Amino acid sequence: MRARCPNCDNPVDSDAPKCDKCGALFASGSAAWKPVPVADDRRYPVGYPVEFTASAGEYFRIWIVNLVLTILTLGVYSAWAKVRRRRYFYGHTRIDGEGFEYRGRPIAILKGRLIAVAAVALFYGTANFAPSLIWLLAILTACAAPWLIVRSMAFNAYSSAYRNIRLRFRGTYLQCLGLLLWTGFILVVTFGLAYPYFKARLMEFLFRNHSYGTTAFEVPDLSYFGIYVRAVGLGLFVGLAAALGGMFFNAVVGDGSRAASTLIGYIGYLFIFSYIRAEIANATWSVVRIGKASFECALRTGDLFWLYLVNIIAIVATLGLAAPWAIVRAMRYRAQKMTVFAAGGLESFVAAESAEVGAEGEEIGEMFDFDLSL
Amino acid sequence: MIEFDAIFYDGRTSTRNAVRVRGFPRSLRIVGAGYDLEVPLAAVRVEPPVAGTRRLLHLPGGAQLQTDDDAALRALFPRSNPLETWVHGLEGRWAYALAAVAVAAGFTWWCAVYGLPLAAELASAHVPTSIEAKLGDRALESIDQTLCGPTAIDAGKQGELSRNFAALTAGQGDGYTYRLEFRACKGMGPNAFALPGGAVVLTDALVKLAQNDAQISAVLAHEVGHVRHRHGLRLAIQAAGLAALIATLAGDAVSITGLAVTLPTALLQSGYSREFEDEADAYAFRRLKEIQLSPKYFAQILARIEESRNKDPDANRGSGPERRRSDLGYLSTHPATAERIERALKNQ
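Residues numbered from 1 in each chain as written. Chains lettered and ligands numbered in written order. Predicted model: local features only at pLDDT ≥ 70, side-chain atom pairs only at ≥ 80, totals over all residues. Heavy atoms only, no water.

### Here's the deal with the state of the cysteines
Formally, a disulfide is one covalent bond, and it connects the sulfur atom of one cysteine to the sulfur atom of another.
Argument step 1. Counted under the stated rule, the structure contains one disulfide over all chains.
Argument step 2. Between the sulfur atoms of Cys148 of chain B and its disulfide mate Cys185 of chain B the distance is 2.1 Å. For the disulfide bridge between Cys148 of chain B and Cys185 of chain B, the dihedral angle about the S-S bond is near 105°, and by the sign convention the bridge is right-handed. Of the two residues, Cys148 of chain B sits in strand β8 (residues 148-150) while Cys185 of chain B sits in strand β9 (residues 179-185), which places them 37 residues apart along the sequence.
Argument step 3. Cys148 of chain B sits in the buried class, given a relative accessible area of 7%.
Argument step 4. Since its relative accessible area comes to 11%, Cys185 of chain B is described here as buried.
Argument step 5. The thiol of Cys176 of chain A is unpaired, and the distance to the nearest cysteine sulfur, on Cys143 of chain A, comes to 12 Å. (Disulfide = S-S within 2.5 Å. Helix = DSSP H or I, 4+ residues; strand = E, 2+ residues; numbered from the N terminus. Buried < 20%, exposed > 50% of the residue type's maximum accessible area, 1.4 Å probe, protein only.)

### Some remarks on the sheet that holds strand β5 (residues 45-46) of chain B
Residues and elements named next belong to chain B.
Argument step 1. Ordered in space as β4-β3-β2-β1-β7-β6-β5, the seven strands form an open sheet in which the pairing is antiparallel. The two strands at the open ends of the sheet, each matched to only one other strand, are β4 (35-40) and β5.
Argument step 2. The sheet contact formed by β5 and strand β6 (residues 55-58) spans two bridges and is antiparallel. Residue pairing in the sheet places Val46 in a bridge with Leu57 of β6. (Pairing = 2+ DSSP bridges.)

### A closer look at the pairing of strand β10 (residues 215-218) of chain A
All names here are of chain A.
Argument step 1. Inspection of the sheet shows strand β9 (residues 210-212) paired to β10 by two bridges, in the antiparallel sense. Within the sheet, the bridge partner assigned to Ser211 lies in β10 and is Ala216.
Argument step 2. Turn length for the β9-β10 hairpin, with the two strands adjacent in sequence and antiparallel, is two residues, and the turn residue Gly213 shows positive phi of about 65°.

### Description of the packing of aromatic side chains
Argument step 1. In this structure the tally under the stated criterion is 26 aromatic pairs over all chains.
Argument step 2. Pairing Tyr59 of chain A with Tyr88 of chain A gives two aromatic rings, centres 5.9 Å apart and planes at 20°, and the pair type is stacked. Taken together, the positions of Tyr59 of chain A in helix α1 (residues 56-72) and Tyr88 of chain A in helix α2 (residues 78-91) put the pair 29 residues apart, joining distant regions of the chain. Each member of the pair, Tyr59 of chain A as well as Tyr88 of chain A, is classed as buried.
Argument step 3. Here the aromatic rings of Phe165 of chain B and Tyr178 of chain B are separated by 6.5 Å at their centres, their planes lie at 80°, and the arrangement is edge-to-face. Taken as a pair, Phe165 of chain B in helix α5 (residues 155-169) and Tyr178 of chain B in the loop between α5 and β9 lie far apart in primary sequence, 13 residues in all. Accessibility classification places Phe165 of chain B together with Tyr178 of chain B in one group, the buried group.
Argument step 4. Among the aromatic residues, those joined into a ring-pair cluster are Phe52, Tyr59, Tyr88 and Phe89 of chain A. (Phe/Tyr/Trp six-rings, centres within 6.5 Å; stacked < 30°, edge-to-face > 60°.)

### Overview of the pattern of salt bridges
Where side chains of opposite charge bring their charged atoms close, a pairing between them can arise.
Argument step 1. The final tally for this structure, using the stated rule, is 34 salt bridges over all chains.
Argument step 2. Residue Glu101 of chain A pairs with Arg103 of chain A through a salt bridge whose shortest N-O separation is 3.1 Å. Arg103 of chain A matches Glu101 of chain A in its accessibility class, with the two residues each being buried.
Argument step 3. Across the pair Asp36 of chain B and Arg29 of chain B runs a salt bridge whose closest N-O atoms are separated by 2.9 Å.
Argument step 4. Judged by relative accessible area, Asp36 of chain B falls into the partly exposed class, the value being 46%.
Argument step 5. Through salt bridges with shared partners, a single ionic network connects Asp96, Glu98, Arg163 and Glu347 of chain A together with Arg16 and Arg54 of chain B. (Salt bridge = Lys/Arg side-chain N within 4 Å of Asp/Glu carboxyl O.)

### Regarding the packing of helix α5 (residues 173-189) of chain A against helix α6 (residues 195-208) of chain A
Residue and element names in this part refer to chain A.
Argument step 1. For the pair α5 and α6, the least separation of the axes is 9 Å and the interaxial angle reads 170°. As the angle between them shows, α5 and α6 are arranged roughly antiparallel. Counted together, Gln175, Cys176, Leu179, Leu180, Trp182, Thr183, Ile186 and Leu187 of α5 and Tyr195, Tyr197, Phe198, Arg201, Leu202 and Phe205 of α6 form the full contact between these two elements.
Argument step 2. In terms of residue class, the contact of α5 with α6 is made up of 11 nonpolar, two polar and one charged. (Axes fitted to C-alpha atoms, helices over the stretch in contact; angles between N-to-C directions. Parallel < 35°, antiparallel > 145°, perpendicular 65-115°, else oblique. Contact = heavy atoms within 4.5 Å. Nonpolar A, V, L, I, M, F, W, Y, C, P; charged D, E, K, R; others polar.)

### Overview of a nonpolar patch on the surface
Argument step 1. A grouping of Leu133, Ile134, Trp135, Leu136, Ile139 and Leu140 of chain A is seen on the molecular surface, where their side chains present a nonpolar patch of about 580 Å² in accessible area.
Argument step 2. Relative to the helices and strands, Leu136 of chain A is located in helix α4 (residues 134-158). (Patch = residues over 30% accessible without salt bridge, like charges linked within 9 Å, V, L, I, M, F, W, Y side chains within 5 Å. Areas by Shrake-Rupley, 256 points an atom, 1.4 Å probe, with all protein chains shown as cover.)

### As for the interface of chain A and chain B
Argument step 1. Across the contact, 53 residues belong to chain A and 54 residues belong to chain B.
Argument step 2. Here chain A packs against chain B, burying approximately 4500 Å² in sum over the two surfaces, 60% of which is carbon and sulfur.
Argument step 3. Across the contact surface, chain A and chain B share seven salt bridges.
Argument step 4. In this structure, the salt-bridge partner of Glu91 of chain B is Arg84 of chain A, at a minimum N-O distance of 2.7 Å.
Argument step 5. If you list the elements that add at least two residues to the side of chain A that touches chain B, you get α1, α2, β6 (98-102), α3 (106-129), α9 (301-317) and α10 (323-336) of chain A.
Argument step 6. Counted by class, the side of chain A that touches chain B contains 29 nonpolar, 10 polar and 14 charged residues. (Buried area = accessible area lost by both parts, 1.4 Å probe.)

### Focus: α4 of chain A
Residue and element names in this part refer to chain A.
Argument step 1. Helix length check: α4 (25 residues) gives 35 Å between terminal C-alpha atoms against 36 Å at 1.5 Å per residue, within 8%.
Argument step 2. In α4, a bend of some 30° at Ala144 exceeds every other bend along the element, and Pro146, a proline, comes one to four places later.
Argument step 3. For α4, the set of buried residues is Leu137, Pro146, Leu148, Ile149, Val150, Ser152, Met153, Ala154, Phe155, Ala157 and Tyr158. (Expected span 1.5 Å × (residues − 1). Bend = angle between axes of the 7 residues up to and from the residue.)

### Observations concerning the environment of Ser274 of chain A
Residues and elements named next belong to chain A.
Argument step 1. Note on placement: Ser274 falls in helix α8 (residues 257-285).
Argument step 2. Taking C-alpha positions, Ser274 is 5.5 Å from Thr301, a pair spaced 27 residues apart along the chain.
Argument step 3. Apart from residues lying up to four places away in sequence, Ser274 is in contact with Thr301, Leu304, Phe305 and Tyr308.

### Brief notes about the side chain of Asn164 of chain A
Argument step 1. Inspection of the secondary structure assignment puts Asn164 of chain A in the loop between β7 (160-162) and β8 (165-169).
Argument step 2. At 2.6 Å, the side chain of Asn164 of chain A forms a polar contact with the side chain of Arg103 of chain A.
Argument step 3. Within the local environment of Asn164 of chain A, its side chain forms a polar contact with the backbone oxygen of Tyr9 of chain B, the two atoms lying 3.5 Å apart.
Argument step 4. Beyond its immediate chain neighbours, meaning those up to four positions away, Asn164 of chain A contacts Arg103 of chain A together with Tyr9, Asp10, Gly11, Gly62, Ala63 and Gln64 of chain B. (Polar contact = N/O pair within 3.5 Å; in protein donor to acceptor, adjacent residues only side chain to side chain.)

Pasting the structure below:
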């Protein structure tokens, strides 16, 4: 329950014995000072904006120097490079002035990468040279998928700390397998129409199994149906626009209608992609609670679309040299639109014991390019 | 004595404690916010510096010190993290960053133009022909499913061309089992293409376009050249290598857009086959002369393919002696046909 101090307006717990800020003592009895209850949680708790202090120039130098070291060491250094890049971004993401900390160890990541390379070689080798064994590969992949998800989540959580307290992921292989089997079944019988259901269950699974120290992430049941219905509507609109645009181009210029349609199609696809990204992040983060902390995520489709479009053009036009700038820009925008609300501050979270996690899951997942960004 | 301000986290809660740290030769003394701790230096794990972020010290028992006083830490722990400290120095200067850009660009260019083709050539020599044949079979399967249908050429003509092909490939002693496949391929126009392992596909349109069997043999000799030089396999290895290279270079940029990655791949990829075509041509001229056919037939059929393509630019997609020049002309996948015709005539 949130409340404020009647003396200095500092947010306090309704059952707090005294105000942290002005020191006013709260006691029972009619004449004593008492915390004043605050009706609307949202309005009152202190909002901490998420600050992102990275600069494109600084990150560019880190990126290119580590890239060249990776090249010169024939890839061995890539694990160190990854840690340096992550440490830079984590350290520059700050809440209440305190930066995040990336604790992944290069040696663990290197080991993970070697296993990942072997797994990828095995996968493509089998797919190309022993196609008769493809069914075996499919079964193996299906069995490995929950393991990859759980392990990479666990590694990333274990490697992330804020105020010297690690995140933790407790989801188990069997839970994840059950989830994938059930939602996979629903997806098949609905011919894929249940994708929003799948996505919502997966996000619930990922969020609910995270905790910050001993404090679990709480998420009510999620539903993304509205978002995807509107995305499909947008898709129809884009298809129509592409067809009309092609026809118009054909009539006016005389040639290249296919190119015009394709271009409109791609841009439209990017817009829908931005829409889904923004809406899902907003819908999810806005209901997440970690103890007394809640979040506001206010991404806007238009902003995100423009950001991605400019990033793509810049990266292509500079043959990739603008990638660091593009990444910093995207991360800064996401941080700017995120606010943490925490009554009573961020000082009272408690650390948990957690066992070390290997990096193989994360690295294999990365090589096969699956992205489970929260 | 070295002293610095720091924030102390005890590792049990997220409470921030402002402390003063004093560095002694063998220990740190942490004082403030109700703490007075002595920690041996040897038990402290120092995190390497990262631009613009606080320095972190891990203390025994999971506690942590965070400080902005980089100079103090350098003085206290002069030998910690030598690798990362050196890298941090490189990261701090634009001169090194620009040098790194030059190295990265030079390396990428060298790999794409020389390194990968060379590596693919060396690697392909170690791939047994049986595996090549498997690759070829898979390619043919997928071609049959997507691009090509059964041939309409009558059995007599097929037999005749197959006999010529057998004569062309006889006594090569290169371990390949050559076979000629007839297909009707829509949208590919007059074309022939070699698959890894020895299968050569001939389109009905090319059979119709050719004025005589010698012209077809000339094209087939060119395709056999591709097989012998393992161009299909080498191209596959090069493509895989290039994808791996770009994935490594792009790193975390990949997640931003696939497009930025695939576009340069396509640009680089199209540059490869020039050399391959020349190699295949050279083989064709030599082999044609061995079986008493003049390379002029190769010149003739090239000219006819060129002519038919000019009439119907859309009909020339796919791979073969005249691949895609019409729609990807600016990428100059193939040496100009005129040049090749000239070379064929010179080689008579």
